[in-house]
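If you want the building blocks of each chain, they are given just below.
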Amino acid sequence: LNQKQRDTLSKFLSYVLRHAPESIELSLDRDGWADVDALIHGAGRQGHAFDLHALREVVETNDKRRFTLSDDGRRIRAAQGHSSSQVEVRHVAKAPPALLYHGTASRFLASIEAQGLIPGSRHHVHLSEDPQTALAVGKRYGQPVLLTVDTQAMCAAGAVFYQADNGVWLVDQVPPVYLSRQ
Ligand code: HQG
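Our subject in this report is the structure included herewith. (Residues numbered from 1 in each chain as written. Predicted model: local features only at pLDDT ≥ 70, side-chain atom pairs only at ≥ 80, totals over all residues. Heavy atoms only, no water.)

### Quick word on the packing of helix H1 (residues 3-19) against helix H3 (residues 52-61)
Moving on, step 1. Where H1 contacts H3, the axes come no closer than 10 Å and their chain directions differ by 90°. Relative to H3, the element H1 lies roughly perpendicular. Contact residues: H1 offers Arg 6, Leu 9, Ser 10 and Leu 13, while H3 offers Ala 54, Leu 55, Glu 57, Val 58 and Thr 61.
Moving on, step 2. Of the residues contributing to the contact of H1 with H3, the split by class is 5 nonpolar, 2 polar and 2 charged. (Axes fitted to C-alpha atoms, helices over the stretch in contact; angles between N-to-C directions. Helix = DSSP H or I, 4+ residues; strand = E, 2+ residues; numbered from the N terminus. Parallel < 35°, antiparallel > 145°, perpendicular 65-115°, else oblique. Contact = heavy atoms within 4.5 Å. Nonpolar A, V, L, I, M, F, W, Y, C, P; charged D, E, K, R; others polar.)

Okay, structure coming up:
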């Protein structure tokens, strides 16, 4: 595959495995896993043909490690970012670093200052360990703004953080008091 073909397949897999498995009549289990053969066949039926070799190439070369293959290679899931109601992934609860970062767009700031960070259509708020990654995430929606999350204070108040298969940090919400603007 060339880079463009890899990107196209990665976007298709993100759509199906995070948001709309029913679009190819695929079922995911509660932890987001799909049967690899069923995925390939379902995609082929909807005009998105690819083979196991291409799938493995995308999983292995993906810049954000968006997809995880099971140890036996028979199942695949999106590491994070789900919105599908078929899924309620049991991510690994873990103590976070003292600070985490969230990149957003300046036009969302007033709302975030009022409500804190909320998951939107996804199942969690997504946080990054490094400011650069967070800023790149924020850039997708406009003028990027970097927010710092005081995870220690949140943990002291009982919040639980999770880390996805690909290292992205997840939390249910971040109240405004724990946010500061860089
Ligand atoms: C904003 C990418 C108004 C939030 C990235 C964000 C990530 C609020 C947007 C993953 C708000 C939601 C997720 C509030 C939050 N009022 N706006 N109270 N609270 N927001 O795409 O974090 O490339 O669902 O700041 O790397 O941007 O897809 O979340 O701007 O890991 O693999 O609402 O997507 O990964 O947007 O990105 P999203 P996100 P992939």
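### Thoughts on the sheet that holds strand E3 (residues 75-78)
Moving on, step 1. In space, the 3 strands of this open sheet follow the order E1-E3-E2, with antiparallel pairing throughout. Unpaired on one side and paired on the other, strand E1 (34-35) and strand E2 (67-69) mark the two borders of the sheet.
Moving on, step 2. The sheet contact formed by E2 and E3 spans 3 bridges and is antiparallel. Bridge pairing in E3 places Phe 67 opposite Ala 78.
Moving on, step 3. Packed onto the sheet, H3 meets E2 and E3 and runs at close to 120° relative to E2. (Pairing = 2+ DSSP bridges.)

### Some thoughts on the environment of Asp 130
Moving on, step 1. With respect to the helices and strands, the residue Asp 130 is situated in the loop between strand E6 (125-127) and helix H5 (131-139).
Moving on, step 2. Polar contacts involving the side chain of Asp 130 include one to the side chain of Thr 133, which spans 2.7 Å. (Polar contact = N/O pair within 3.5 Å; in protein donor to acceptor, adjacent residues only side chain to side chain.)

### Considerations on unusual backbone geometry
Moving on, step 1. In this structure, Glu 25 takes a positive phi of about 55° despite not being glycine.
Moving on, step 2. Relative to the assigned elements, Glu 25 resides in the loop between H1 and E1.
Moving on, step 3. We note that Arg 65 has phi near 45°; this positive angle belongs to a residue other than glycine.
Moving on, step 4. Within the fold, Arg 65 resides in the loop between H3 and E2.
Moving on, step 5. By relative accessible area, which is 48% here, Arg 65 ends up partly exposed. (Buried < 20%, exposed > 50% of the residue type's maximum accessible area, 1.4 Å probe, protein only.)

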